[in-house]
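Residue-level structure breakdown
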Amino acid sequence: MADLERLAERHAEAVLRFERENREWFARTVPDRGDDYFTGFAARHAALLAEQATGRCHFHVLVDDDGSVIGRFNLVDVANGEAELGYRVAERVAGRGVATEGVRRVCELARDEYGLRRLVADTTLDNAGSRAVLRRTGFTPVGEVLRDGRPGLRHVRELTATD
């Protein structure tokens, strides 16, 4: 089983490799990060770590046995016991339950380690895989949203002590 780890400086190279190797795969369902993301990656990674240190965000990587990153699971805009969940997994592990397991584990961390009571996640209507992951992990659709100009659904999960 892969390890879910809080993002740290030591992950920079593996995260960059993950993003490069899966760039086309991700662009099928979410807007491409653009070339600047890759050329300025070191500064971007440092900025994420600085933001994480404030407690406003909690970034995580799913690290395989060989040390490669196979997923990212992030809690952003933390405020008043709530955060927004975002995640992505490598193409090579898609459809194998990796995203579902990662989301479950991040939900546990959100509740047990970060004291969050509610998570929100959006996905586009054309991203059936992501919608299925949210459904399997206890999220409920609560309304329509636009994600980068594309129709989507907002989902919510209340985090309780009995989860």
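Residues numbered from 1 in each chain as written. Predicted model: local features only at pLDDT ≥ 70, side-chain atom pairs only at ≥ 80, totals over all residues. Heavy atoms only, no water.

**Section: the overall build of the protein chain**
Here is the rule: Put simply, DSSP marks the helices as runs of H or I at least four residues long and the strands as runs of E at least two long, and each gets a number from the N terminus on. Burial classification: accessible surface area is computed with a 1.4 Å probe over protein chains only, and a residue below 20% of its type maximum counts as buried, one above 50% as exposed, and the rest as partly exposed. Throughout, a contact is declared for two residues whenever any of their heavy atoms are within 4.5 Å. Only the protein chains shown count as covering a residue, and every accessible area follows the Shrake-Rupley method with a 1.4 Å probe. None of His or the chain ends enter the tally, which takes Lys and Arg as positive and Asp and Glu as negative. Lys charges are placed at NZ, Arg charges at CZ, Asp charges at CG and Glu charges at CD.
Regarding its fold elements, the protein chain presents six helices and seven strands. Considering only C-alpha atoms, the protein chain reaches an extent of 40 × 35 × 30 Å along its principal axes. Counting all 163 residues of the protein chain, 45% fall into the buried class. When contacts within the protein chain are restricted to residue pairs at least 6 apart in sequence, those whose partners lie at least 24 apart make up 59%. When the accessible surface of the protein chain is summed, it comes to about 8700 Å², and 47% of that surface belongs to carbon and sulfur atoms. Once the 25 positive and 28 negative side-chain charges of the protein chain are each reduced to a mean point, those two points are 2 Å apart.

**Looking at the pairing of strand β3 (residues 69-79)**
The following threshold applies: Two strands pair under a simple rule: DSSP has to find at least two bridges between them.
The buried fraction of β3 is high, at eight of 11 residues. Across six bridges, strand β2 (residues 58-63) lies against β3 in antiparallel orientation. In the sheet register, histidine 60 faces β3, and the bridge partner there is phenylalanine 73. A loop of five residues connects β2 with β3, the two strands running antiparallel in sequence, and glycine 67 in this loop sits at a positive phi of about 90 degrees. In this sheet, strand β4 (residues 82-89) lies alongside β3 in antiparallel orientation, the contact comprising seven bridges. Bridging from a neighbouring strand, alanine 79 pairs with glutamate 82 of β4. Where β3 folds back onto β4 in an antiparallel hairpin, the turn is made up of two residues, including asparagine 80, whose phi is positive at roughly 55 degrees.

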